[in-house]
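Below are the chains, spelled out letter by letter.
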Amino acid sequence: MTDNPAEVVETIDDPPRRSRKLGRLAVVSTIVLLLFAVPWWTLLGAGTTWPPAVFVAGTLLLVTAAGALPTLMVLGHGRRHSDRAAVAGDALLGAAWVLFVWSVLGQVAGLLLLAGGVGDPARSRWVAGGVLVATVVLLAWGYAEAMRVPRVREVDVAIARLGAGLDGLRVALITDTHYGPIDRGRWSAAVVARVNELGADVVCHVGDIADGTVELRENQASPLAAVDAASARVYVTGNHEYFSEAQGWLDYMERIGWDALHNRHIVVEGGGDHLVVAGVDDATAKASGVDGHGANLDAALAGADPTLPVLLLAHQPKQVGRAARAGVDLQVSGHTHGGQIWPFNYLVRLDQPVVQGLSRHGERTQLYTSRGTGFWGPPFRVFAPSEITLLTLHATAA
């Protein structure tokens with residue numbers, strides 16, 4: 001029997017903690033193994049029968065990459081938080097995902113070639129060559145798409161309760177800027193310049209502003225102070241703010257002149273008519289443990305005239321269920337990135353009701369889901385282009 005209670009707790013808790021760590025290690029190891037084993041088989045195994053030097057060099061390259069990936073991710077996104085390691089790890093993760101996906105598709109193509117009577121080693125070498133070319137082309141194109149200033153996507157939205165005085169109200173939407181380990185200060189300024197060209201009445205930033213604290217990412221976020229809007233600039237938190245300092249980002253946006261809609265609303269007026277612009281915290285806010293945070297639509301709409309139309313900012317599309325029950329007219333969201341790297345959009349759809357675009361939920365509520373303005377992690381966008389959205393609200397059908 002020990003006199004130190006801490007020793008007792010540690011002894012009791014250690015086995016479950018070790019079990020959880022071993023479980024996570026097993027999952028990560030399995031994922032990494034699949035990500036690199038399938039490409040190894042497609043490019044070097046199967047029936048390619050490459051010369052020994054090619055086989056050994058390729059195997060060593062893939063084994064080294066497989067070992068480096070978890071190490072770089074831990075160094076880049078763990079406690080040490082090395083931006084250089086994060087950039088390398090994120091890029092390697094994206095490249096591995098694209099190579100894996102196209103290796104799987106290459107195996108399917110190999111079966112078709114086999115059915116067509118093409119034998120090895122020609123069949124397997126054609127598949128390997130095709131997979132490599134597709135991967136290189138897609139990564140180069142995906143990088144260019146991720147780093148470019150997004151195109152403007154214009155969408156008309158008819159809102160039955162919108163007053164005639166607000167017909168034609170222009171709402172510019174940016175989201176998921178994810179200022180992070182790659183310094184995109186110039187990109188940020190170019191995004192702001194493009195937003196300002198739109199002459200919007202309301203500009204919204206719908207969360208995931210950055211990966212890191214204000215102190216770390218302010219140089220990239222600071223151009224947001226120059227955003228022009230005739231009536232309002234509004235911001236809500238995304239899930240990534242709760243990985244660093246959500247309240248810090250809310251305070252920062254207020255400091256540079258935005259309305260941080262931390263479960264509250266403002267009212268926009270035009271031509272004698274009014275629109276409630278409300279915002280709620282991200283769906284993960286309450287579980288984050290940050291004091292005073294948690295999505296609360298009742299609080300956001302408290303005191304608002306119930307006869308007025310409501311534009312709601314909520315980071316995740318799946319928050320639309322609560323919005324529909326409350327009779328919100330239009331919710332704008334981000335979070336999905338449109339999948340960012342195909343075919344990840346199908347996995348996103350398992351968690352969210354919509355991946356991108358305009359959709360209807362219930363009798364009154366519409367939801368617009370942006371593919372995002374920036375990117376997270378891997379600096380690639382494959383078949384999921386970024387966007388700056390310009391929503392034009394109409395009192396009658398467009």
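Residues numbered from 1 in each chain as written. Predicted model: local features only at pLDDT ≥ 70, side-chain atom pairs only at ≥ 80, totals over all residues. Heavy atoms only, no water.

A. Here's a closer look at the sheet that holds strand S5 (residues 259–260). Ordered in space as S1-S12-S2-S3-S4-S5, the six strands form an open sheet in which the pairing is mixed. One side of each edge strand has no neighbouring strand; the edge strands of this open sheet are strand S1 (151–158) and S5. (Pairing = 2+ DSSP bridges. Helix = DSSP H or I, 4+ residues; strand = E, 2+ residues; numbered from the N terminus.)

B. Here's a closer look at the domain arrangement of the protein. By domain assignment, the protein separates into domain 1 (17–146) and domain 2 (150–395). Each of domain 1 and domain 2 has a C-alpha centre, and the two are 35 Å apart. Of the residues lining the interface, 21 residues belong to domain 1; the matching set on domain 2 comes to 20 residues. Interface of domain 1 and domain 2: buried area, both sides summed, is about 1800 Å²; carbon and sulfur atoms make up 72% of it. In this structure, Asp83 and Arg217 form a salt bridge, with 3.0 Å as the shortest nitrogen-oxygen distance. Where domain 1 touches domain 2, the interface holds three residue pairs in polar contact (both at pLDDT 80 or more). When contributions to the side of domain 1 that touches domain 2 are tallied by element, the ones reaching two or more residues are helix H3 (83–115) and helix H4 (122–147). The element best represented in the side of domain 1 that touches domain 2 is H3, accounting for 13 residues. Taken together, the residues of the side of domain 1 that touches domain 2 sort by class into 15 nonpolar, three polar and three charged. (Domains from an automatic or database assignment. Contact = heavy atoms within 4.5 Å. Buried area = accessible area lost by both parts, 1.4 Å probe. Salt bridge = Lys/Arg side-chain N within 4 Å of Asp/Glu carboxyl O. Polar contact = N/O pair within 3.5 Å; in protein donor to acceptor, adjacent residues only side chain to side chain. Nonpolar A, V, L, I, M, F, W, Y, C, P; charged D, E, K, R; others polar.)

C. Structural context of the pairing of strand S3 (residues 202–205). Side chains Val202 and Cys204 project from S3 onto one buried face, and the interleaved Val203 and His205 project onto a second face that is buried too. Relative to S3, strand S2 (residues 169–174) is paired through four bridges, and the arrangement is parallel. Directly across from Val171, in S3, lies its bridge partner Val202. Read as a crossover between parallel neighbours, the route from S2 over helix H5 (residues 185–197) to S3 is right-handed. For the crossover from S3 across helix H6 (residues 214–221) to strand S4 (residues 232–235), the handedness is right-handed. (Buried < 20%, exposed > 50% of the residue type's maximum accessible area, 1.4 Å probe, protein only. Right-handed = clockwise from strand over helix to strand, strands pointing away.)

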